[in-house]
Amino acid sequence: MNHFQYKDGVLCAEGVRLDLLAEKVGTPFYCYSTATFARHYKVFVEAVPTGSLVAYAIKANDNLAVLKTLAQLGAGADVVSGGELAKALAAGIPAGKIVFSGVGKTKDEMRSALEAGIYQFNVESEPELAALDEVARSLGKRAPVTLRVNPDVDAKTHAKITTGTAETKFGIPFSRAREAYAHAARMAGIEIVGVDVHIGSQITELEPFETAFTRVREFVGTLRGDGHNITRLDLGGGLGVPYENSNMPPPDPSVYGAMVARVTKDLGCTLSFEPGRLIAANAGVLVSKVIYVKKGEAKDFLIIDAGMNDLIRPAMYEAHHEIVAVTEPKVGSPRPRYDVVGPVCETSDLFASSRPLPELKSGDLVAILSAGAYGAVMAGDYNARPRVPEVLVHGEQWGIVRPRETYADLIAKDRIPDWLSS
Ligand code: LLP
């Protein structure tokens, strides 16, 4: 079920009224639902073959309270930096359930991950392999490694979030992968354990996944023929979520899981997955207040107190987010069109163009939906706008899991050099 519902005419997160929350914490703020994180995680675990590692891609939402919620359900983590590794460990995710992805791991990051004893490194290039070998040997360890192969499959998603085609920086091309494995097998600090693939994000069709996984399946046969001990397959993340009501929703996790089972059956590999958006996107909303309704020549602007610095997805990917009024509109009430914009001095600070919404006035609250993934994590303080708070709801309970930044916080970030201080 959807845990963001109107109750008695007010939008609630589980058992908490968003209007009352706005009074307590001010606007804008992110609000997350524990029950939704839990439901999405469980749906995914139940969809994929039993015994798989579900390593939540923490880049989607790395708030410690969110990570702890998922850790308590048994989730692992997919991390892409030393910072994410530190956060995953701090939240209680066992090192043995952590996979380390990313094209630019530094030696320091590799060292931390080896010392922690992570489950596996998904290595993306030959130079990275050489660096990892060196670091592992210096620690007297062998790094468990999959090579991320680039299957040259078009994920049919936004160009900025496709990763599995030959033009992108990600993975090792199939044409060189066999040689890279042969090379890895000769490295004393590397233990080859499997193959990794991730073709992009917000993928709304099954077919690109199936094509990529089938190529990987065939490749596993080749590698085994070459004498490699391939026991694991990491199939990445990328399954899309519905951002709006459409008659072409993304495939249901159960359909995705059935396809995976079909393609990987008989391989005898332990599977891992790296879902991010699927777990987090619809578990969060961004609540914002209307500052002004500005009548333009051609259109009306709803100027709200959240900006592109708080949620950059519409500006960066032309992403669609549903926007609803926190006070439930009366059935049949008018729905004028607004351009919903923030206060940031950029034309791209636009959340929605010509969007039909209930009639709104200064002071009214709106909720931007599906903002739990790639929302707060991608926020910044452009225009000296303090980062907004994050609130986690659990039934009737709520807690501020990231406080609002203050002007003093902003000012304290910078330093004045000697020649300016006197
Ligand atoms: N694994 C790897 C190696 C990844 O690069 C990503 C996402 C994931 C897993 C998780 O993918 P997901 O299940 O969340 O689709 N900021 C963009 C999305 C960037 C995704 C980057 N990599 C957005 O807001 O749409």
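Remember, predicted model here, so these are calculated numbers, not experimental data.

### Structural notes on the confidence of the model for the protein chain
Mean pLDDT over the protein chain works out to 96, with 100% of the residues at or above the 70 mark. Of all the helices and strands in the protein chain, strand S10 (residues 172-173) carries the lowest mean pLDDT, 92, while strand S4 (residues 29-33) carries the highest, 99.

### Considerations on the domain arrangement of the protein chain
What the domain assignment lists for the protein chain is domain 1 (4-31 + 281-412) and domain 2 (102-273). The interface is formed by 11 residues belonging to domain 1 together with eight residues belonging to domain 2. Counting every contact that joins domain 1 to domain 2 gives zero salt bridges. Taken together, the links from domain 1 to domain 2 amount to four residue pairs in polar contact (both at pLDDT 80 or more).

### Overview of unusual backbone geometry
Across residues other than glycine, the phi torsion is negative in most instances, and most of the peptide bonds are trans. A cis geometry characterises the amide bond from threonine 27 onward to proline 28, with omega recorded as -10°. Within the element layout of this structure, proline 28 appears in the loop between helix H1 (18-25) and S4. Unusually for a residue other than glycine, tyrosine 374 sits at a positive phi of about 55°.

### Quick look at the nonpolar core
By size, the foremost hydrophobic cluster in this structure holds 100 residues, and its most contacted members are Phe121, Val195, Phe213 and Tyr256. Sort the elements by how many residues they give to this core and helix H8 (residues 207-225) lands first, with seven residues. Residues lining this core come from more than one domain, with at least three contributed by each of domain 1 (4-31 + 281-412) and domain 2 (102-273). With residues up to four places along the chain from it excluded, the contact list for phenylalanine 213 reads Val197, Leu235, Tyr256, Met259, Val260 and Val263.

### A short note on the environment of alanine 13
Checked against the element boundaries, alanine 13 lands in strand S2 (residues 10-13). Taking the C-alpha atoms as reference points, alanine 13 and leucine 392, separated by 379 residues in sequence, lie 9.2 Å from one another. In contact with alanine 13, other than residues within four places in its own chain, are His3, Phe4, Leu18, Cys31, Val393 and Gly395.

### Some points on the pairing of S4
When you tally the buried positions in S4, you get five out of five residues, the bulk of the element. Here S4 shows a buried face lined by Phe29, Cys31 and Ser33 and a second buried face lined by Tyr30 and Tyr32. Relative to strand S14 (residues 284-295), S4 runs antiparallel, the two sharing four bridges. When the sheet's bridge partners are listed, tyrosine 30 is paired in S14 with leucine 286. Two elements, S4 and strand S20 (residues 390-394), share four bridges in a ladder whose sense is parallel.

### Remarks on the pattern of salt bridges
Enumeration over the complete set of coordinates arrives at 19 salt bridges. Across the pair arginine 148 and glutamate 124 runs a salt bridge, and its minimum N-O distance is 2.8 Å. Remark: glutamate 124 occurs in the loop between strand S8 (120-123) and helix H6 (126-138) and arginine 148 occurs in strand S9 (residues 143-150); sequence separation between them is 24 residues. This pair shows no difference in class: arginine 148 is buried, exactly as glutamate 124 is. Taking the shortest distance from any N to any O, the salt bridge between lysine 156 and glutamate 207 comes out at 2.7 Å. Here lysine 156 is found in the loop between S9 and S10, whereas its partner glutamate 207 is found in helix H8, with 51 residues between them in sequence. A relative accessible area of 40% places glutamate 207 in the partly exposed class.

Cut-offs and rules
Residues numbered from 1 in each chain as written. Predicted model: local features only at pLDDT ≥ 70, side-chain atom pairs only at ≥ 80, totals over all residues. Heavy atoms only, no water. pLDDT = per-residue confidence, 0-100. Helix = DSSP H or I, 4+ residues; strand = E, 2+ residues; numbered from the N terminus. Domains from an automatic or database assignment. Contact = heavy atoms within 4.5 Å. Salt bridge = Lys/Arg side-chain N within 4 Å of Asp/Glu carboxyl O. Polar contact = N/O pair within 3.5 Å; in protein donor to acceptor, adjacent residues only side chain to side chain. Core = buried A, V, L, I, M, F, W, Y, C linked by side-chain atoms within 4.5 Å. Buried < 20%, exposed > 50% of the residue type's maximum accessible area, 1.4 Å probe, protein only. Pairing = 2+ DSSP bridges.

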